[in-house]
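Commentary on secondary and tertiary structure
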Amino acid sequence: MIVTNRHRVTAIVIRHDGATVTLVPMKGGKLSARRLPHWQFARDWREAPYSLAHALARFLRHARQQGASQEVIMGLERLERRDRCVVASLI
């Protein structure tokens, strides 16, 4: 899921277990994950009308060029694999 906040920061959710949301805000430099309680995530972030595939490609390209934590790389790659399987099954 791609989300934005009131400061127009775009982020990608890499994990949501019902109680905690892990997201990766797009920023200059090395990407890092941020964990929020679900209530705070619901209060501050809204789903953005962006294509997941396009945003995921942007985040992965940025991570490869600027760097990212291991958690971010693994989360983005997991989303990419999941997205590829979903699209492949529809074709």
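Position numbers for residues count from 1 along each chain, tracking the sequence in the order it is written. It should be noted that, the model being predicted, local features are given only for residues of pLDDT at least 70 and side-chain atom pairs only at 80 or more, the latter also being counted only at that level, while totals for whole chains, interfaces and linings use all residues. Only hydrogens and water are removed before side-chain values are computed, so all heavy atoms of the structure are retained for them.

Comments concerning the overall build of the protein chain
How we decide: For the purposes of this entry, the term helix denotes a DSSP run of H or I that reaches at least four residues, the term strand denotes a run of E that reaches at least two, and both are numbered from the N terminus. Relative accessibility thresholds used throughout: buried, under 20% of the residue-type maximum; exposed, over 50%; partly exposed, between the two (1.4 Å probe, protein chains only). Between two residues, a contact is recorded if the distance between any of their heavy atoms is within 4.5 Å. Computed with the Shrake-Rupley method and a 1.4 Å probe, the accessible areas treat only the protein chains shown as cover for residues. Under the counting rule used here, the positive set is Lys and Arg, the negative set is Asp and Glu, and His together with the chain ends is not counted. Charge positions come from single atoms, namely NZ of Lys, CZ of Arg, CG of Asp or CD of Glu.
Tallying secondary structure elements over the protein chain gives three helices and five strands in all. Starting at the N terminus, the α and β elements of the protein chain follow one another as β-β-β-β-α-β-α-α. Counting only C-alpha atoms, the protein chain reaches 35 × 30 × 20 Å along its principal axes. Classification of the 91 residues of the protein chain by burial places 36% in the buried group. Long-range contacts, defined as pairs at least 24 residues apart, comprise 51% of the intrachain contacts of the protein chain with a sequence gap of at least 6. Carbon and sulfur atoms provide 53% of the accessible area of the protein chain, an area that totals close to 5900 Å². A gap of 5 Å separates the mean positions of the 16 positive and 7 negative side-chain charges of the protein chain.

As for unusual backbone geometry
In the Ramachandran plot, Arg8 falls in the positive-phi region, its phi being about 65° despite a non-glycine side chain. Its location among the elements puts Arg8 in the loop between strand S1 (2–5) and strand S2 (10–16). Residue class for Arg8 comes out exposed when judged on its relative accessible area of 77%.

Overview of the environment of Trp39
Within the secondary structure, Trp39 is located in helix H1 (residues 38–44). C-alpha of Trp39 to C-alpha of Gly18: the two residues are 21 residues apart in sequence and 9.8 Å apart in space.

Section: the sheet that holds strand S4 (residues 34–37)
Heads up, the condition is: For two strands to be treated as a pair, DSSP must find no fewer than two bridges joining them. Lines fitted to the C-alpha atoms define the axes, with helices restricted to the stretch that makes contact. Angles between their N-to-C directions range from 0 to 180 degrees.
Pairing in this open sheet of five strands is antiparallel, and the strands run S4-S3-S2-S1-S5 from one edge to the other. Bordering the open sheet on either side are S4 and strand S5 (45–47), each of which pairs with just one other strand. Across the sheet, the mean angle from the axis of one strand to that of its neighbour is 40°, orientation sign disregarded. Sheet analysis places S1 next to S5, joined by three bridges and oriented antiparallel. Note on S5: the bridge partner recorded for Thr4 is Arg46. Against the sheet, helix H2 (residues 52–66) engages S1, S2 and strand S3 (20–25), with an angle of about 100° to S2.

As for H2
Short version of the rule: In this analysis, the expected span of each helix is defined as 1.5 Å times one less than the number of residues it contains. The arc in question is the one traced by the directions running from the helix axis out to the C-beta atoms. N or O atoms closer than or at 3.5 Å make up a polar contact, with two conditions inside protein: a donor-capable atom paired with an acceptor-capable one, and, for residues adjacent in sequence, both atoms drawn from side chains.
Taking 1.5 Å of rise per residue, the 15 residues of H2 would be expected to cover 21 Å, and the 21 Å separating its terminal C-alpha atoms lies within 8% of that figure. Of all the positions in H2, only Ala55, Leu56, Phe59, Leu60, His62 and Ala63 are classed as buried. Buried residues of H2, viewed axially, fall in a sector of 160°; they line one side. Looking at H2, the residues exposed on the side facing more than 90 degrees away from the buried face are His54, Arg64 and Gln65. The residue sitting at the N-terminus of H2 and contributing the capping side-chain oxygen is Ser51; that oxygen lies 3.4 Å from the backbone nitrogen of Ala53.

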